[in-house]
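As a plain string of letters, each chain reads:
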Amino acid sequence: RTGGYVSPTPTVFMDVDDVGNLPKTCRAIQLALPDDAVFTHLTSAALRGWRLPQVSEVPIIAVTDADWAHLDRRGVYVRRCDVPRHHRACLSGVRIASPEWTIVELAEDLGLIDLVAVIDGALHDGDTTVERLADAIVPGRRGARTVRRAIALADPLSESFWESVLRLAHQLCGVPVRSQVEVHDP
C-alpha cells in the first residue's frame, strides 16, 4: 500500500526497484506456482542470456505437470506440459527448462532463421551440443521438423544474432559460407 511494492502475479509482491529484473521477477512468481513448474520458452532463453529475436518485452512463460488450467494473468502464462525430469534445471534460484528443452519449445513458435540464430548462440556459449539437441527432439511434436532443419544449419562459430541471419541468407540461397575465416592481404 505504500507504493514500494508491485505484484507481478496475484498473491506475490516484490520491491518496485526490481521491476524489469527478469530473474527476480521469476523468483517471485515461482512462489505462486506449483513446485513442479519451470520457466521455459523465451523466458528460459532470456534468463540464460541467449541471443533472441527482437521482442518488446520477454513474456513470462512457465509449464507445469500439475492439474492447473492454462493461465494468462498479467503477462504470466502457465500451461500444462510434460517436461522430462532430466530437462529440468535451476539457474540462480529460478527453476527453468534445460537448454535443449527450451529450444524444443522455441521451435513451436519461432521461424527457422530465428531458431537457427538462437541455437547458434546456445552452441557458441557452450550451453548445449548438437548431439544433446538431437536427442531432445520429440518425434511428432509441433516444431520437431524445424528443430531438425535448424540443427543442420547451425554453426557454433557464429558470434552474433545478425551474423547468423546473414550467414543463413547466403546458405539458403545456395551460396556456401565458412564462418570466422581469417583473410590476409599481401
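See the structure above.
Residues numbered from 1 in each chain as written. Predicted model: local features only at pLDDT ≥ 70, side-chain atom pairs only at ≥ 80, totals over all residues. Heavy atoms only, no water.

Participant: What should I look at first to understand the packing of aromatic side chains in this one?
Facilitator: Each pair of aromatic rings is reported with the distance of its centres and the angle of its planes. Scanning the entire structure with this criterion turns up one aromatic pair. With a centroid separation of 5.5 Å and an interplanar angle of 80 degrees, the aromatic rings of Phe161 and Trp162 are classed as edge-to-face. For Trp162, a relative accessible area of 56% gives the class exposed. (Phe/Tyr/Trp six-rings, centres within 6.5 Å; stacked < 30°, edge-to-face > 60°. Buried < 20%, exposed > 50% of the residue type's maximum accessible area, 1.4 Å probe, protein only.)

Participant: How do you make sense of empty space enclosed by the protein when you look at a structure like this?
Facilitator: A probe matching the size of a water molecule, rolled over the atoms, marks out where space remains unfilled. Enumeration over the complete set of coordinates arrives at one cavity of 30 Å³ or more. Its boundaries defined by the atoms lining it, the largest cavity holds a volume of some 30 Å³. Taken together, Val104, Ile137, Val138, Arg141, Arg142, Gly143, Ala144 and Val147 form the lining of the largest cavity. Among the residues forming the lining of the largest cavity, the class breakdown is five nonpolar, one polar and two charged. (1 Å grid on protein atoms, 1.4 Å probe; cavity = no way out; pocket = protein on both sides within 12 Å on 5 of 7 lines; lining within 4 Å. Points joined across faces, edges and corners; volume = space filled by probe spheres on them. Nonpolar A, V, L, I, M, F, W, Y, C, P; charged D, E, K, R; others polar.)

Participant: Would you explain the pattern of salt bridges in this entry?
Facilitator: Pairing is possible between side chains that carry opposite charge, provided their charged atoms lie close to one another. What the rule picks out here adds up to eight salt bridges. Ionic pairing is found between Glu108 and Arg141, a salt bridge with its closest N-O pair at 2.7 Å. With Glu108 in the loop between helix 3 (99-106) and helix 4 (112-124) and Arg141 in the loop between helix 5 (130-136) and helix 6 (144-153), this pair connects stretches of sequence that are 33 residues apart. Relative accessible area serves as the criterion here: at 18%, Arg141 is assigned to the buried category. Residue Arg167 pairs with Asp120 through a salt bridge whose shortest N-O separation is 2.3 Å. Taken together, the positions of Arg167 in helix 7 (residues 161-172) and Asp120 in helix 4 put the pair 47 residues apart, joining distant regions of the chain. We classify Asp120 as buried; its relative accessible area is 0%. The network of salt bridges with common partners includes Arg79, Glu105, Glu108, Asp109, Arg141 and Arg142. (Salt bridge = Lys/Arg side-chain N within 4 Å of Asp/Glu carboxyl O. Helix = DSSP H or I, 4+ residues; strand = E, 2+ residues; numbered from the N terminus.)

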